[in-house]
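Spelled out from the first residue to the last, the chains are:
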Amino acid sequence: MLKNVAAVLLDGVHPFELGVLCEVFGLDRSAQGLPVYDFAVVSAEGPVLRTHAGFTISELHGLDRLEDADLICVPAGDTYVVRDYPPELLAALRRAVDRGARVLSVCAGVFILGAAGLLDGRRCATHWMHSAELARAFPLADVQPDVLYVDAGPVVTSAGTAAGIDACLHVVRQEHGPEVANAIARRMVVPPHRDGGQAQFIERPLPVACDTVGGVLAWMERHLDSEMTVEQLAERAHMSPRTFARRFQQETGTTPYRWLLRQRVLLAQELLEGTDETVDAIAGRSGFGNAAGLRHHFLRTLGTTPNGYRRTFRGPTRVA
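From a predicted model like this one, the values you see are computed outputs, not experimental measurements. Every residue gets a number counted from 1 within its own chain, in the order that chain's sequence is written. In keeping with the predicted nature of the model, local features appear solely for residues at pLDDT of at least 70, side-chain atom pairs appear and are counted solely at 80 or more, and the whole-chain, interface and lining totals rest on all residues. Water and hydrogen atoms were dropped before computing side-chain values, which therefore reflect all heavy atoms in the structure.

Chemist: What exactly am I supposed to notice about the environment of serine 240 here?
Modeler: One can find serine 240 in the loop between α8 (230-237) and α9 (241-252). For serine 240 and valine 230, which are ten residues apart along the polypeptide, the C-alpha to C-alpha distance reads 9.4 Å. Counted as a polar contact is a pair of N or O atoms within 3.5 Å, where, for protein atoms, one must be capable of donating a hydrogen and the other of accepting one, and residues adjacent in sequence contribute only when both atoms are in side chains. Here the side chain of serine 240 touches threonine 243 through a polar contact of 2.9 Å, side chain to side chain. Working definition: helices are DSSP H or I runs of at least four residues, strands are E runs of at least two. Numbering for both runs from the N terminus.

Chemist: Quick question: what am I supposed to make of the packing of aromatic side chains here?
Modeler: Two aromatic rings, taken as a pair, are described by how far apart their centres are and by the angle between their planes. Pairing of aromatic rings covers Phe, Tyr and the six-membered ring of Trp, with a centre-to-centre limit of 6.5 Å; geometry is then stacked below 30 degrees between planes, edge-to-face above 60, and tilted otherwise. In the structure shown here, the tally under the stated rule is five aromatic pairs. Between phenylalanine 25 and tyrosine 37, the aromatic rings sit 5.5 Å apart at their centres with planes inclined by 75 degrees, giving edge-to-face as the arrangement. Within this pair, whereas phenylalanine 25 is found in helix α1 (residues 15-25), its partner tyrosine 37 is found in the loop between α1 and β2 (38-43), the two being separated by twelve residues in sequence. Note on phenylalanine 25: relative accessible area 0%, which makes it buried. Taking 5.7 Å as the distance between ring centres and 85 degrees as the angle between the ring planes, the aromatic pair formed by phenylalanine 298 and tyrosine 309 counts as edge-to-face. Pair noted here: phenylalanine 298 is in helix α12 (residues 291-302) and tyrosine 309 is in helix α13 (residues 306-313), with a separation of eleven residues, a long-range link. We call a residue buried when its accessible area falls under 20% of the maximum for its residue type, exposed when it is over 50%, and partly exposed in between, using a 1.4 Å probe and counting protein chains only. For phenylalanine 298, a relative accessible area of 0% puts it in the buried group. According to the relative accessible area criterion, tyrosine 309 is buried, its value standing at 1%. The structure contains a cluster of three or more aromatic residues connected by ring pairs, namely Phe244, Phe248 and Trp259.

Chemist: Quick question: what am I supposed to make of the packing of helix α7 (residues 214-222) against helix α10 (residues 256-274) here?
Modeler: Think of two packed helices as two axes; the pair is described by the angle between the axes and how far apart they sit. Convention adopted: a line fitted to C-alpha atoms gives each axis, helices being fitted over their contacting stretch, and angles between N-to-C directions are expressed from 0 to 180 degrees. Across the interface, α7 lies against α10 with an axial gap of 10 Å and an inter-helix angle of 40 degrees. By the angle class used here, α7 and α10 are oblique. Every pair of crossing elements has a handedness; the one defined by α7 and α10 is right-handed. Contacts between α7 and α10 pair Leu217, Met220 and Glu221 from the former with Pro256, Trp259, Leu260 and Gln263 from the latter. Taken together, the residues of the contact of α7 with α10 sort by class into five nonpolar, one polar and one charged. Throughout, the term roughly parallel applies to angles under 35 degrees, roughly antiparallel to angles over 145, roughly perpendicular to angles from 65 to 115, and oblique to all others. By convention the crossing between two helices is left-handed if the near helix lies anticlockwise of the far one by an angle smaller than a right angle, and right-handed if it lies clockwise. Two residues qualify as a contact provided that any one of their heavy atoms is within 4.5 Å of a heavy atom in the partner residue. Classification convention: Asp, Glu, Lys, Arg as charged; Ala, Val, Leu, Ile, Met, Phe, Trp, Tyr, Cys, Pro as nonpolar; all other residues, Gly among them, as polar.

Chemist: Please clarify how the pairing of strand β1 (residues 4-9) should be interpreted in this entry.
Modeler: β1 sits mainly inside the fold: six of its six residues count as buried. The two faces of β1 match: Asn4, Ala6 and Val8 on one face and Val5, Ala7 and Leu9 on the other face are all buried. Following the backbone out of β1, through α1 and into the adjacent parallel β2, one traces a crossover that is right-handed. Sheet topology places β1 next to strand β5 (residues 71-74); three bridges connect them, and they run parallel. With strands facing away from the observer, any crossover in which the path from the first strand over the helix to the second runs clockwise is taken as right-handed. A pair of strands is treated as paired once DSSP finds two or more bridges between them.

Chemist: Would you mind going over the UniProt feature "domain: HTH araC/xylS-type" (unreviewed entry) in the protein chain with me for this structure?
Modeler: Per the UniProt entry, the sites bearing "domain: HTH araC/xylS-type" (unreviewed entry) are residues 214-312 in this numbering. Secondary structure within residues 214-312 divides into 75% helix and 0% strand; the distance between the first and last C-alpha atoms comes to 34 Å. UniProt positions are given in the numbering used here, feature names are shortened, and annotations may be inferred rather than shown by experiment.

Chemist: Which parts of the structure should I look at to understand the sheet that holds β2?
Modeler: For sheets, the rule is that strands pair by backbone hydrogen bonds, running either parallel or antiparallel. Pairing is mixed across the open sheet formed by six strands, whose spatial order is β2-β1-β5-β6-β10-β9. The open sheet has two free edges, formed respectively by β2 and β9 (149-152), since each of these has just one partner strand. Neighbour to neighbour, the strand axes of the sheet diverge by 15 degrees on average, direction disregarded. As defined by bridge partners, β5 adjoins strand β6 (residues 102-105) across four bridges and the pair is classed as parallel. Bridging across to β6, cysteine 73 finds its partner in leucine 104.

Chemist: Mind showing me how you'd approach the state of the cysteines here?
Modeler: Two cysteines whose sulfur atoms are joined by a covalent bond form what is called a disulfide. Note on terminology: pairs of cysteine sulfur atoms within 2.5 Å are recorded as disulfides. Under the definition given, this model contains zero disulfides. Free cysteine: cysteine 124, not disulfide-bonded; nearest cysteine sulfur from cysteine 107 at 13 Å. In this structure cysteine 124 comes out as buried when scored by relative accessible area, which is 0%. Cysteine 168 takes part in no disulfide bond, and the closest cysteine sulfur, belonging to cysteine 73, lies 5.6 Å away.

Chemist: Sorry if this is basic, but what is going on with the packing of α1 against helix α5 (residues 163-176) here?
Modeler: Two elements in contact, α1 and α5, have axes separated by 10 Å at closest approach and are oriented at 25 degrees. By the angle class used here, α1 and α5 are roughly parallel. In the packing of α1 onto α5, the handedness of the crossing is right-handed. Residues Val20, Leu21, Val24 and Phe25 of α1 form the contact with α5, whose own contacting residues are Gly164, Ile165, Cys168 and Val172. Of the residues contributing to the contact of α1 with α5, the split by class is seven nonpolar, one polar and no charged.

Below, the structure written as structure tokens:
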């Protein structure tokens, strides 16, 4: 059972991600009958570290403290994506996994695990902004760009910032059961489990500049509620269906169907966030026909339901 937890830091650590680890594993909640961990904050770069916010942290343990940890947590930090990492830290992480300990990264902390060779052949996650770079840096890793966290045996990796809470509560749930995880979540005033993945948080992409199909794309975006076929779109572009499909793929990187589906989902997201329209009405306006169709594609694309998305992203109720 999990008893000994260490958070290991480099210079430039992000305070929020470190705070998540301290909140879940570093507080004494014995008065509520919850487990107490032997928690330590470890420096991999000297006795004093400067955070991304500018203040310093001192009174830190040395790397030898990692040798006793059942779980080693690596929060994100400034320039963690592109910097070099202390070889002693990478060796300590490898030893930990070899002896049966677990490691957990929050956001860009996963790049340190990758440098230690711990992502090879494993599924992993990071902030959606870093997913492509993580895949390029560690081609043997199986990067999952749409999830909040991944549990790959001894290696647990989370997406950006608040997804670290999800990953930490997942570990607590595994080690101590749902009652303990739920109790900690209530103390933190967060949900013990969030629906969906980080796909629902990804910003709307900028429009792609297209030489030959740009006019058709603009027309499609203005008529998302209409039925359309490749043959109809090709005719509008004055091409054969085969040539149109090939040019579309070359210029957008996807198929007409997938592009249309993504734009319809994006429109539905905007309407769920910014209007009081019913899910049925939004389904009609975004081209899904009815609420069942919208729900089906929302689940496949974003991993959550339209109502769940609205609860997450809707702002405060406006008062007339």
